[in-house]
Amino acid sequence: MQKHSLPPTSARELTALWLDGASPSESDLRAANSLAAHLARFDGLRPFSGVIQRLVEHVSTPDFSLDEACRLIELDPALASRILRVANSAAYGTYGSCASVAQAIFRIGATHVSGLAIAMSAMTMFKDLGGVGEKIRDHSAGTAAVARELAMCFNQHALSSKVFLAGLLHDFGKLLLIQTGDPSYASMVARDLAAGSLHLREQALWGFDHAILGAHILASWRIPEPIPQLIACHHQAKGGQGAVTPFARALDLLRVADVIDWLLGQGCTADSPWVKRLAESPDGVRAGLGEQTLPALWKHLRGVREEALLVFT
Ligand SMILES: [Fe+2]
Ligand SMILES: [Fe+2]
């Protein structure tokens, strides 16, 4: 993959989009200027429908209105029905059914309407890739549902929409790389899907990983924070206790949901040593899983995940 370098001023501007003032790292620069980033930025939202393009543009204007966003979504019946399916799924549908796109968006999280539409379309694009794409789609759906459920279980209701959307989009960079990157990338994803070390291989090959790339692209499409920042950091182990900010809480939930989905997909049971290991890990402890809590929640999380897979199939 061809590499370029950016002038430092551009680099600071780009990384500030999602790293909230943190100093730009070499991997951020490479991701921002990678082939995939160029294609996605300059060829626009070519893989997405015209409705999504107009929606993203509308959301970034000062006169943004939810009514107009809903009207745009309703122009794409497949997108509208997918959003309704999510809002009426067991995870969200406890307060009666949603009959309109406006109700559905309000229930899922009105502040994330463009990100939600992109996530719904990305899930379809993963499906179109078949094979490994479908596995990533299922993993994304499962991670989103588990992260949201954990937020609800731990009384972090304000985070539930954010972690749901971040879960759906956390591996969005893989989609970009499969579509626009090295042709051997899809087989690399298939091989490394279980190992959880794909991001390290990406960093070794290109100097950046799918997390940074996906976050950069979503930030450049003006998907509001903290979604891009959560995605950028989802493979960065924090360690220790640190300050318990809403962002840190959301990141902990996303990171543990990422692993829980994989363990559930492997058929792990509540008494598996892997479940115990996750509960006792720094991420697990910070997320509040504890030695007893995660095994006790395991069966419930399995049901939530299975339902989420059905919604996106
Ligand atoms: Fe990832
Ligand atoms: Fe993941």
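Predicted, not measured: the structure shown is a model, and the values here were computed from it.

### Remarks on the packing of helix α9 (residues 131-153) against helix α16 (residues 246-265)
Stage number 1. At a minimum axis distance of 8 Å, the contact between α9 and α16 shows a crossing angle of 125°. Classified by the angle between their axes, α9 and α16 sit oblique to one another. Crossing hand, α9 versus α16: right-handed. Across the interface between the two elements, His139, Gly142, Thr143, Val146, Ala147, Leu150 and Ala151 from α9 touch Leu253, Leu254, Ala257, Asp258, Ile260, Asp261, Trp262, Leu264 and Gly265 from α16.
Stage number 2. Per-class residue counts for the contact of α9 with α16 are ten nonpolar, four polar and two charged.

### Things to note about the packing of helix α4 (residues 50-59) against helix α5 (residues 66-74)
Stage number 1. Where α4 meets α5, the closest approach of the two axes is 9 Å, and the angle between their N-to-C directions is 170°. The pairing of α4 with α5 is recorded here as roughly antiparallel in orientation. Judged by residue contacts, Val51, Arg54, Leu55, His58 and Val59 of α4 engage Glu68, Ala69, Leu72 and Ile73 from α5.
Stage number 2. Among the residues forming the contact of α4 with α5, the class breakdown is six nonpolar, one polar and two charged.

### Points about helix α17 (residues 273-280)
Stage number 1. Within α17 the residues assigned to the buried category are Val275, Leu278 and Ala279. All buried residues of α17 fall inside an arc of 100° around its axis, so they share one side. Opposite the buried face of α17, by more than 90 degrees, sit the exposed residues Pro273 and Arg277.
Stage number 2. Against α16, α18 (282-287) and α19 (293-312) lie the buried residues of α17.

### Details of unusual backbone geometry
Stage number 1. At Asn155, a position not held by glycine, the phi torsion is positive, near 55°.
Stage number 2. Within the element layout of this structure, Asn155 appears in the loop between α9 and α10 (157-169).

### Notes on the confidence of the model for the protein
Stage number 1. With 76% of its residues at a pLDDT of at least 70, the protein reaches an overall mean of 77.
Stage number 2. Within the protein, no element has a lower average pLDDT than helix α1 (residues 8-19), which sits at 38, and none a higher one than α16, at 92.
Stage number 3. Counting interchain partners and residues more than four positions distant, the pLDDT-below-50 stretch residues 1-24 has 35 contacts.

Thresholds applied
Residues numbered from 1 in each chain as written. Chains lettered and ligands numbered in written order. Predicted model: local features only at pLDDT ≥ 70, side-chain atom pairs only at ≥ 80, totals over all residues. Axes fitted to C-alpha atoms, helices over the stretch in contact; angles between N-to-C directions. Helix = DSSP H or I, 4+ residues; strand = E, 2+ residues; numbered from the N terminus. Parallel < 35°, antiparallel > 145°, perpendicular 65-115°, else oblique. Left-handed = near helix turned anticlockwise from the far one by under 90°. Contact = placed C-beta atoms within 7 Å. Nonpolar A, V, L, I, M, F, W, Y, C, P; charged D, E, K, R; others polar. Buried ≥ 20, exposed ≤ 12 C-beta atoms within 10 Å, placed from the backbone. Arc of directions from axis to C-beta. pLDDT = per-residue confidence, 0-100.

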